[in-house]
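Descriptive analysis of the structure
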Amino acid sequence: MNDEHYLGEELQDLLDGRLEAPARAAVEAHVAQCPRCRQELAVLERGRAAARGLRPLTQPPDLAVRIASALDAEDRGSTPSAAGSARQRIRRRSPLIAAGLVAAAGVLVALLLRPSVTTDLAAAAARDFAAYQEARLALELRTADPATLERFFAERGITFPTRVFDLAMMQYRLTGGRVHRLAGRPSALFAYAGPDPAQLICEMYQGTLAELPGAPEERVHNGIIFRIYRVNGITLVFWQEGAVVCVLASDGGTDEVVQLAYAKAVRI
């Protein structure tokens, strides 16, 4: 493993103790050699520690007295009715303030414990291609017809519009697809077979390019931004189509995969 191979879900599994001994040893060995993963693991560990140290937020028993005293000090020049009205408003709102602090603490903990999306998406797409290439990721429907596959995705619960493109003119034949999950979010995955032994997969998911890490290379074509990554010899090209992000993954040459992305992408 090298620094280009970023782990995502495996780091969370490592902290949760869900990895078997061989997988745990492999992840630990990778973390020892990968500065990016070491940094992410440290962030997750700090988040765990912070969460353990948090106490439930409760309203101090003397809060009402302290607020009333403060109001008395500030409102000595006011009429009794005005000061009383202010104290009444504070008494009505103090439970809401306390509840807001509890909610804010919960959001903070969730942010600290959330796995890094920027790491997951690029690495997860590369893992998906490797799994498909090694026949560890099976297609649920085999078809060469884009419209049939689009109906399949809609019937299987993909809520965003999918656009399965025919790349036959570029010598890539549609072979089928599956309803999948990319870094924990629903995705439509479909595969193409190119000139032997070339293979290509496309995944579509709801998200934004802003969730990705900084790309080593970025190109613009027909007003569309394409972010290009290389992970363990796999080329990944991401672009945005409305509220959906598309990614092509292949072990082919970078320029070839980029040209395929140019052919498939549409500006929305």
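Just above, that's the structure.
As the structure is a prediction and not an experimental result, all values here were calculated from the model.

1. Focus: the environment of E140
Along the chain, E140 falls in the loop between α6 (117-133) and β1 (141-142). Judged by its relative accessible area of 37%, E140 is partly exposed. Every residue in contact with E140, bar those within four places of it in the chain, is listed here: F152, R156, G177, R178 and V179. Side-chain polar atoms of E140 contact the side chain of R156, separated by 3.2 Å. For E140, the side chain forms a polar contact with the main-chain nitrogen of V179, separated by 2.9 Å.

2. Quick word on the nonpolar core
F153, F190, Y192, F226, V237, W239 and L248 are the most contacted members of the largest nonpolar core, which totals 31 residues. For this core, the element with the most residues is helix α8 (residues 254-264), which contributes five residues. Contacts of W239, omitting those with residues within four sequence positions, involve L209, I224, I225, F226, V244, V245, C246, L248, A261, K264 and A265. Judged by nonpolar contacts, the second largest core, of 25 residues, contains A126, L139, A191 and I201.

3. Things to note about helix α7 (residues 146-155)
Burial in α7 covers these residues: P146, L149, F152 and F153. The buried residues of α7 all sit within an arc of 120 degrees when viewed along its axis, so they share a single face. The outward face of α7, more than 90 degrees from its buried face, is lined by the exposed residues A154 and E155. Where α7 ends, the next residue or the one after it, G157, has phi of about 100 degrees, a positive value.

4. Considerations on α8
Of the residues making up α8, those classed as buried are V257, V258, L260, A261, Y262 and K264. On its buried face, α8 is in contact with β3 (185-193), β4 (199-206), β5 (217-221), β6 (224-231), β7 (234-241) and β8 (244-250).

5. Focus: the packing of helix α1 (residues 9-16) against helix α2 (residues 21-33)
Running from N to C, α1 and α2 cross one another at 115 degrees; their axes reach a closest spacing of 10 Å. Crossing of α1 over α2 shows left-handed handedness. Residues E10, L11 and L14 of α1 touch α2, and the partners they reach there are R24, V27, E28 and V31. Looking at side-chain class alone, the contact of α1 with α2 contains four nonpolar, no polar and three charged residues.

6. A word on the packing of aromatic side chains
Taken as a whole and judged by the stated rule, the model has six aromatic pairs. Their ring planes at 45 degrees and their centres at 5.7 Å tell us that F226 and W239 sit as a pair that is tilted. Of the two residues, F226 is situated in strand β6 and W239 in strand β7; the sequence distance between them amounts to 13 residues. Given the relative accessible area of 0%, F226 is considered buried. Taken together, the ring pairs in this structure connect F152, F153, F190 and Y192 into an aromatic cluster.

7. Considerations on the side chain of D128
Structurally, D128 can be placed in helix α6. Side-chain polar atoms of D128 contact the side chain of H180, separated by 3.2 Å. Ignoring anything within four residues of it in the chain, the contact list for D128 reads L137, H180, R181, L182, I201 and E203.

8. Section: the pattern of salt bridges
Two side chains bearing opposite charge may form a pair once their charged atoms approach each other closely. Evaluated as defined, the whole model comprises nine salt bridges. Residue E10 pairs with R127 through a salt bridge whose shortest N-O separation is 3.8 Å. Remark: R127 occurs in helix α6 and E10 occurs in helix α1; sequence separation between them is 117 residues. Its salt-bridge partner being E140, residue R156 comes within 3.2 Å of it at the nearest N-O pair. One end of the pair, R156, is in the loop between α7 and β2 (173-182); the other, E140, is in the loop between α6 and β1, with 16 residues separating them in the sequence. One salt-bridge network, held together by shared partners, links E217, R219 and D255.

Thresholds, definitions, all that
Residues numbered from 1 in each chain as written. Predicted model: local features only at pLDDT ≥ 70, side-chain atom pairs only at ≥ 80, totals over all residues. Heavy atoms only, no water. Helix = DSSP H or I, 4+ residues; strand = E, 2+ residues; numbered from the N terminus. Buried < 20%, exposed > 50% of the residue type's maximum accessible area, 1.4 Å probe, protein only. Contact = heavy atoms within 4.5 Å. Polar contact = N/O pair within 3.5 Å; in protein donor to acceptor, adjacent residues only side chain to side chain. Core = buried A, V, L, I, M, F, W, Y, C linked by side-chain atoms within 4.5 Å. Arc of directions from axis to C-beta. Axes fitted to C-alpha atoms, helices over the stretch in contact; angles between N-to-C directions. Left-handed = near helix turned anticlockwise from the far one by under 90°. Nonpolar A, V, L, I, M, F, W, Y, C, P; charged D, E, K, R; others polar. Phe/Tyr/Trp six-rings, centres within 6.5 Å; stacked < 30°, edge-to-face > 60°. Salt bridge = Lys/Arg side-chain N within 4 Å of Asp/Glu carboxyl O.

Remember, this is a structural readout, not a statement about activity or role.
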